[in-house]
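# Tertiary structure, described
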Amino acid sequence: MASPLLSVRDLTTVIRTEGIEFEVVRGVSFDMYPNEILGLVGESGCGKTMTALSVMGLIPSPAARIAGGEVRFGDRDLVSLPEREMREVRGDDISMIFQDPLTSLDPMFSIGHLLTEVIRRHRSVSRPEAEAMALQALAEVELPDPETRMSQYPHQLSGGMRQRVMIAMALMLDPDILIADEPTTALDVTVQAQILDRLLGQQRRRGMSMLLITHDLGVVAAVADRVAVMYSGEIVEQAPVGQLFSDPQHPYTQGLLRAVPQTRHQRGALHTIPGRVPPPQFVPPGCPFSPRCSQALVRCWEEHPELVPDDGRHLRCFNPRPLTPA
Amino acid sequence: MRYLASRTVYMLVILAISSVAVFYAIRLSGGDATAARLPASATEADRETLREVLGLNDPIYQQYFTYMGRLLSGDLGNSLTNNALISKMVVEHGRNSIILGAAAFLLVFLVGVPLGMLASVRRNTLADQGIMSLSVAGMAVPNFWLALLSIWLFASVLRWLPSAGCCEPRQLILPAIVLAAEGTALTVRMTRSAMLENLDSDWVRTLRAGGLSESRVIGKHVFRNALIPIISLAGLRIGQIVGYALIVEVIFGWPGLGQVLVNAVLRRDYPVAQFFSLVLVVMVVLGNWLADLGYLAANPRLRKT
Amino acid sequence: MTAPTPESYLADWDRRLLDFEESQHISVFRRGMRNLVRNRLLLSGVILGVLVVGAGVLGPVIVGGDYELINFSNIHAVPFSEDALLGTDHLGRDTATRLFVAIRVSLAVAVGVTGLALVAGLAIGTVAGFRGGWTDRSLSGVMDFIWGFPLILVAVLFAGGLGEGLLSVILAVGLVNMAAIARVVRGEVLSLSEREFIEAARAGGLSNWRIIRKHLLPNILAPALVLASYYVAVAIIAEAALSFIGLGAQPPLPSLGQMVAEGRNFLQLNHWETTVPGLTLVVMVLSVSLIGDGLRDVFDPRLRHEAKGLES
């Protein structure tokens with residue numbers, strides 16, 4: 001495989017509340033390659049968004065800070081990059097799309113104003129040139145009637161249209177990497193497919209690398225090339241999409257897959273994983289999944305498993321067993 | 001446009017209602033209007049004749065329309081105390097009041113908003129705490145007391161500024177600051193909380209993700225959003241200035257509408273009290289309306305539907 | 001001691017997790033209490049308030065004396081002089097005696113009238129927000145109308161009609177504060193009405209009165225009280241200011257603003273005649289504002305936004 005575009009190594013992010021620090025992202029490592037979609041899945045609160053924000057250098061300060069690890073992008077480490085240089089990277093080399101399009105656009109400015117402001121931040125172009133670029137970006141995400149939209153304000157657009165604007169904003173400067181954090185969760189089901197389709201089309205056309213954060217395994221199975229599963233701030237399993245879905249090894253991955261309703265095959269009770277995600281202030285000392293794991297050994301309680309590479313797969317488990325049909 | 005129309009209609013209705021209220025309040029309980037115009041020795045028959053002449057025996061609603069009609073034709077009558085033409089008084093004193101009020105209004109926003117922004121940007125630092133303590137003090141110190149203190153300090157002890165009078169710029173400084181104090185304190189608090197509220201919003205993250213600098217995000221976008229609640233309460237600031245002008249003008253001997261009104265009330269000069277009350281009420285209502293217009297202009301969500 | 005098994009670990013873990021969650025729970029409560037005690041704003045406000053109210057209530061009992069008593073043989077005495085704890089004024093009246101009565105006047109007008117305004121505002125706001133429709137529109141219309149005018153101007157208008165005196169101040173404070181409280185209460189009721197537990201109560205067929213009494217009022221009372229404390233401060237200032245310019249309390253009844261005004265002419269001679277009532281006033285207002293701020297911080301951080309709209 002080609003050399004990675006972005007390499008995250010041992011990334012650890014801590015949050016501080018009332019004088020107590022706790023890790024919300026713990027030793028996360030992954031690589032992103034050009035023209036590839038990496039799916040990042042897990043329950044809410046498992047640290048997916050914090051991982052993405054850490055890569056972008058957008059974690060809420062001073063409540064949170066990156067306590068260790070590096071994010072290698074080209075020959076630079078984004079974690080130690082001065083804020084001034086990091087701003088050059090954001091929106092230009094690496095872009096991000098957020099979950100809730102309804103609240104993610106400044107209500108006081110027109111769409112055109114918001115887009116051109118970001119363009120002119122990164123490119124020394126005239127206002128008309130920036131407007132032309134913005135217009136083209138809006139057309140590419142198939143926003144209907146883009147000329148009119150340019151002069152409209154966010155409140156005049158539907159949620160789906162606003163998310164298209166967000167995508168246009170993220171893509172207009174041709175970034176190498178796009179981070180999409182639950183880009184369709186807040187949208188109507190019918191709009192979700194359209195938005196995802198747009199996003200995919202653009203990713204392919206540009207040969208862009210994309211980190212797709214979602215809790216929707218169906219979406220991941222359909223679009224991702226590789227999948228990383230996060231639990232309690234850690235990546236517990238990472239594999240090419242086919243391998244992960246056909247032969248999940250980590251009991252948590254297996255639980256997630258079993259929890260997806262399989263309407264075609266059988267009816268009956270849905271599978272759930274017993275217990276809850278441990279609060280980040282209070283994570284078990286061994287494997288963080290041990291309290292909820294049906295296969296936990298004594299060792300799982302006493303020792304923290306490492307993420308071990310094995311034939312294209314990375315797994316963090318002492319006692320993997322093949323998935324038994326439910 | 002619908003917003004503009006509805007606010008304008010509302011303003012006119014409020015004007016109508018409040019003019020009626022002011023008229024009745026002062027006319028109905030104004031005591032025997034003949035007492036001020038006739039000597040105590042006048043007979044009841046004389047008084048009755050005067051009442052007839054003044055239209056005081058007409059039905060009260062008719063008196064209102066007669067009064068408003070006279071107002072519209074510019075006939076405001078004369079003061080009972082010095083027989084001055086009320087129309088001349090209102091022009092002269094109105095100008096003084098507007099100078100003082102405008103100075104205070106500018107101070108409230110030109111000092112309050114930047115201080116509030118500074119406090120929000122330097123949240124939980126010494127600067128923030130200092131500004132917020134000052135603002136608590138600004139709200140706790142009654143402005144007539146502040147007026148006395150400032151006269152004592154700047155006029156009596158330091159002798160930097162005159163203690164009272166009108167209408168040189170030097171004489172304007174103290175009354176304008178005292179009149180603006182509480183409004184400034186409130187504006188500081190409001191600006192700070194509006195800035196902080198907007199700083200937490202999702203779109204701030206979007207702008208940061210676009211690579212915009214912190215100064216741009218805060219100085220342009222967050223500030224622009226924070227302006228909305230500030231402008232929407234500008235009408236109240238105007239009302240507050242009109243209200244406090246009644247006190248401050250008296251203390252500093254600033255011959256404005258407020259001072260005249262208070263003296264008129266104390267001297268039972270009903271024609272003056274009635275008209276000047278009306279003028280101040282109209283100023284408050286118009287101030288609220290202007291703030292509505294500003295709110296409309298500043299808020300794209302209302303400009304287009 | 002048996003060797004640990006996954007099951008024993010799990011049992012142990014579950015217990016510790018439960019303990020942890022309980023500790024989090026307790027600490028929320030403890031945090032509240034700690035805030036209450038540590039909230040220096042509130043504490044200092046309460047201390048100042050107790051001092052002032054104590055002086056107003058007990059002062060006349062302890063010091064006694066006649067606040068109208070003129071004594072030309074002892075005018076402009078400074079504080080702590082013989083027979084006059086806080087000095088005397090230009091007519092030789094005892095400042096302490098007058099101050100205590102003035103505090104009573106101020107408290108009666110501000111706290112008493114705002115208290116009544118709170119009851120009326122709660123009633124009007126609740127009915128308007130709960131009933132909606134025409135009831136709401138007409139009540140809110142009237143409240144907005146009153147609220148749009150500054151308290152001082154309203155008081156001067158009343159004085160113009162009724163003649164100067166405490167009555168116009170009381171009417172103005174009562175009306176304007178009632179309107180201000182009613183508006184906020186209405187807003188709270190409206191937002192509460194959309195919450196699940198009210199919907200559930202309605203769906204459960206509870207009577208309106210019962211819903212209001214059992215579900216709405218307990219939730220509205222805290223913000224309304226916090227708000228009312230601000231309006232008490234506003235009212236104290238307004239009463240003093242109006243008395244200062246001669247439209248409030250009329251002699252011989254003393255009031256803080258009037259005492260400041262009278263002493264003002266003798267600043268060079270004996271500034272205490274002005275500073276004693278003036279400082280008392282500042283302390284009173286400060287105390288009420290601190291209590292308001294403190295209460296809000298402790299009980300209802302949400303109200304921070306509400307307090308933005310707080311106006312006189």
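Residues numbered from 1 in each chain as written. Chains lettered and ligands numbered in written order. Predicted model: local features only at pLDDT ≥ 70, side-chain atom pairs only at ≥ 80, totals over all residues. Heavy atoms only, no water.

### What about the overall build of chain A?
The cut-off we apply is this: Think of it this way: any DSSP run of H or I at least four residues long counts as a helix, any run of E at least two long counts as a strand, and we number them from the N terminus. Restricting the calculation to C-alpha atoms gives the radius of gyration, and the globule rule supplies 2.2 Å times the number of residues raised to the power 0.38. Think of it in three bands: with a 1.4 Å probe and only protein chains considered, a residue is buried below 20% of the maximum accessible area for its type, exposed above 50%, and partly exposed in between. In what follows, a contact means two residues having at least one pair of non-hydrogen atoms within 4.5 Å. Areas reported as accessible are Shrake-Rupley estimates using a 1.4 Å probe. Residue values count occlusion only from the protein chains shown. Asp and Glu are treated as the negative residues and Lys and Arg as the positive ones, with His and the ends of the chain left uncounted. A single reference atom marks each charge: NZ on Lys, CZ on Arg, CG on Asp, CD on Glu.
Each helix and strand in chain A was counted, giving 11 helices and 12 strands. The C-alpha atoms of chain A give a radius of gyration of 21 Å, which matches the 20 Å a tight globule of 326 residues would have. When the backbone C-alpha atoms are referred to their principal axes, chain A occupies close to 65 × 50 × 45 Å. Across the 326 residues in chain A, those meeting the buried criterion constitute 54%. Sequence separation of at least 24 residues holds for 65% of the intrachain contacts in chain A that already meet a minimum separation of 6. When the accessible surface of chain A is summed, it comes to about 13,900 Å², and 51% of that surface belongs to carbon and sulfur atoms. Taking the average place of the 31 positive charges on the side chains of chain A and the average place of its 40 negative ones, the gap between the two points comes to 3 Å.

### Let's talk about the sheet that holds strand β4 (residues 64-73) of chain A
All names here are of chain A. Which entries qualify depends on this criterion: Two strands pair if DSSP finds at least two bridges between them. To get an axis, fit a line to the C-alpha atoms, keeping to the stretch in contact for a helix; angles then go from 0 to 180 degrees between the N-to-C directions.
Ordered in space as β2-β1-β4-β5, the four strands form an open sheet in which the pairing is antiparallel. Of all the strands in the sheet, the pair left with one neighbour each is β2 (20-32) and β5 (76-77). Bridge count for β4 against β5 is two bridges, and the pairing is antiparallel. By the bridge assignment for β5, Phe 73 is matched with Arg 76. Against the sheet, helix α1 (residues 48-56) makes contact with β1 (6-17), β2 and β4, and its axis sits at roughly 110° relative to β1, the strand it touches most.

### Let's talk about the packing of aromatic side chains
Residue and element names in this part refer to chain B. Put simply, the rule reads: Two aromatic rings from Phe, Tyr or Trp, using only the six-membered ring of Trp, form a pair when their centres are within 6.5 Å; if the ring planes differ by under 30 degrees the pair is stacked, by over 60 it is edge-to-face, and anything between is tilted.
In this structure the tally under the stated criterion is 15 aromatic pairs over all chains. Ring centres of Tyr 3 and Tyr 295 lie 6.2 Å apart, and the angle between their planes is 55°; this geometry places the pair in the tilted category. Of the two residues, Tyr 3 is situated in helix α1 (residues 2-28) and Tyr 295 in helix α13 (residues 270-298); the sequence distance between them amounts to 292 residues. Its relative accessible area of 22% is what places Tyr 295 among the partly exposed residues.

### Focus: the interface of chain C and chain A
The condition that has to hold: Two parts lose some accessible area (1.4 Å probe) when they are put together, and adding that loss for both gives the buried area. By definition here, a salt bridge exists when the distance from a side-chain nitrogen of Lys or Arg to a carboxyl oxygen of Asp or Glu is within 4 Å. Any pair of N or O atoms that falls within 3.5 Å is considered a polar contact. Within protein, one atom must be able to donate a hydrogen and the other to accept it, and sequence-neighbouring residues count only if both atoms are side-chain atoms. In this classification, Asp, Glu, Lys and Arg are treated as charged, Ala, Val, Leu, Ile, Met, Phe, Trp, Tyr, Cys and Pro as nonpolar, and every other residue, Gly included, as polar.
Chain C puts 12 residues into the contact, and the matching count from chain A is 15 residues. Across the chain C to chain A interface the summed buried area is about 1,200 Å²; carbon plus sulfur atoms make up 69%. Summed over the three residues of chain C that lose the most area to chain A, namely Tyr 9, Trp 13 and Phe 20 of chain C, the buried surface amounts to 49% of that side. Summed over the shared surface of chain C and chain A, the result is zero salt bridges. Our enumeration of links across chain C and chain A arrives at one residue pair in polar contact (both at pLDDT 80 or more). Classifying every residue of the side of chain C that touches chain A by side-chain character gives seven nonpolar, two polar and three charged.

### Topic: helix α2 (residues 40-63) of chain C
Residue and element names in this part refer to chain C. Here is the rule: We define the bend at each residue as the angle formed by axes fitted to the 7 residues ending at it and the 7 residues starting at it.
The largest bend along α2 measures about 40° and falls at Val 57, with the proline Pro 60 one to four residues further on. When α2 is considered as a whole, its buried residues turn out to be Leu 42, Gly 45, Gly 49, Val 52, Gly 56 and Gly 59. The positive-phi residue at the C-terminal boundary of α2 is Gly 65, with phi of around 90°.

### Looking at the sheet that holds strand β10 (residues 234-240) of chain A
Residue and element names in this part refer to chain A. Sheet architecture is open: eight strands sit in the order β6-β7-β8-β3-β9-β10-β12-β11, paired in mixed fashion. The strands lining the two open edges of the sheet, one partner per strand, are β6 (94-97) and β11 (308-310). Averaged over neighbouring strand pairs, the angle between their axes works out to 20° when direction is ignored. Those strands touched by helix α7 (residues 189-206) are β3 (36-41), β6, β7 (177-181) and β8 (209-214), and its axis lies near 140° from that of β3.

### Some points on the side chain of Thr 114 of chain C
Residues and elements named next belong to chain C. With respect to the element layout, Thr 114 can be found in helix α3 (residues 95-131). Relative accessible area serves as the criterion here: at 2%, Thr 114 is assigned to the buried category. Once you skip the residues sitting within four places of it in the chain, Thr 114 turns out to touch Val 109, Val 173, Asn 177, Ala 228, Tyr 231, Val 232 and Ala 235.

### What to know about the environment of Gly 210 of chain B
Within the secondary structure, Gly 210 of chain B sits in the loop between α9 (202-209) and α10 (214-232). Taking the C-alpha atoms as reference, Gly 210 of chain B lies 30 Å from Val 188 of chain B; in sequence the two are 22 residues apart. Contacts of Gly 210 of chain B, omitting those with residues within four sequence positions, involve Arg 90, Gly 91, Val 118, Arg 121 and His 122 of chain A.

### Focus: the interface of chain B and chain C
Facing the 47 residues of chain B at the interface are 43 residues of chain C. Roughly 3,800 Å² of surface becomes buried between chain B and chain C when both sides are summed, with 75% attributable to carbon and sulfur atoms. Here chain B and chain C share zero salt bridges between them. Linking chain B with chain C are one residue pair in polar contact (both at pLDDT 80 or more).

### Notes on the confidence of the model for chain C
Regions with low pLDDT carry predicted coordinates that are not meant to be interpreted in detail. All names here are of chain C. Rule in force here: Confidence of the predictor in every single residue is expressed as pLDDT, which spans 0 to 100.
In the predicted model, chain C carries a mean pLDDT of 80, and the fraction of residues at 70 or more is 88%. Mean pLDDT in chain C bottoms out at helix α11 (residues 303-308), which sits at 39, and peaks at helix α6 (residues 166-193), which reaches 89. Contacts from residues 302-312, a stretch scored under 50 in pLDDT, to residues over four places away or in other chains number 32 contacts. On the interface metric, ipTM, the complex scores 0.90, and its pTM is 0.83.

### Here we look at the nonpolar core
The condition that has to hold: By nonpolar core we mean a set of buried residues, namely Ala, Val, Leu, Ile, Met, Phe, Trp, Tyr and Cys, connected to one another through side-chain atoms within 4.5 Å.
Judged by nonpolar contacts, the single largest core of 263 residues is most densely connected at Leu 6 and Ile 179 of chain A together with Phe 144 and Phe 276 of chain B. Ranked by residue count, the leading element in this core is helix α8 (residues 208-244) of chain C, at 19 residues. Those residues within four positions of Phe 144 of chain B in sequence are excluded, and the remaining contacts are Ile 247 and Ile 251 of chain B together with Ile 237, Ala 240, Ala 241, Phe 244, Gly 257, Val 260 and Leu 281 of chain C.

### Looking at the domain arrangement of chain A
One frequently used descriptor of interface size is the decrease in accessible area upon assembly of the parts. Residues and elements named next belong to chain A. For the record, the criterion: Start and end points for every domain follow an automatic or database-based domain assignment.
Here chain A is partitioned into domain 1 (1-90 + 225-326) and domain 2 (101-214). Here domain 1 and domain 2 have C-alpha centroids that lie 28 Å from each other. Contacts between the two partners involve 23 residues from domain 1 and, on the opposite side, 18 residues from domain 2. Roughly 1,600 Å² of surface becomes buried between domain 1 and domain 2 when both sides are summed, with 60% attributable to carbon and sulfur atoms. Interface area lost by domain 1 to domain 2 is led by Met 32, Asn 35 and Ile 37, which between them contribute 30%.

### Some details on the pairing of β1 of chain A
All names here are of chain A. Relative to β4, β1 runs antiparallel, the two being bridged by eight bridges. Across the sheet, residue Val 8 finds its bridge partner in β4, namely Val 71. In terms of strand pairing, β1 meets β2 through nine bridges, oriented antiparallel. Paired with Leu 6 across the bridge in β2 is Met 32.

### Side note on the state of the cysteines
Residues and elements named next belong to chain A. Put simply, the rule reads: A pair of cysteine sulfur atoms is labelled a disulfide when the two atoms are within 2.5 Å.
The tally for this structure, following the rule as stated, stands at zero disulfides over all chains. Unpaired in this structure, Cys 46 has its nearest cysteine sulfur neighbour in Cys 287, at a distance of 14 Å. A relative accessible area of 2% places Cys 46 in the buried class. You can see Cys 287 has no disulfide; the closest cysteine sulfur is in Cys 300, sitting 6.0 Å from it.

### A few points about the environment of Ala 201 of chain C
Residue and element names in this part refer to chain C. Here Ala 201 shows up in helix α7 (residues 196-203). Under the relative-accessibility criterion, Ala 201 is labelled buried at 6%. Separated by 14 residues in sequence, Ala 201 and His 215 place their C-alpha atoms 8.4 Å apart. In contact with Ala 201, other than residues within four places in its own chain, are Leu 206, Ile 211 and His 215.

### Observations regarding the pattern of salt bridges
In a structure, side chains of opposite charge can pair up when their charged atoms sit close to one another. Residue and element names in this part refer to chain A. Across all of its chains, the model carries 31 salt bridges over all chains by this definition. Between Arg 226 and Glu 36 there is a salt bridge; the shortest N-O distance is 2.7 Å. Linking Arg 226 in strand β9 (residues 226-231) with Glu 36 in strand β3, this pair joins segments that are 190 residues apart in sequence. Each member of the pair, Arg 226 as well as Glu 36, is classed as buried. The shortest N-O distance in the salt bridge between Arg 123 and Asp 92 comes to 2.9 Å. Here Arg 123, found in the loop between α3 (111-122) and α4 (127-140), pairs with Asp 92, found in the loop between α2 (83-89) and β6; they are 31 residues apart in sequence, far enough to count as distant. Overall, the relative accessible area of 13% leaves Asp 92 in the buried class.

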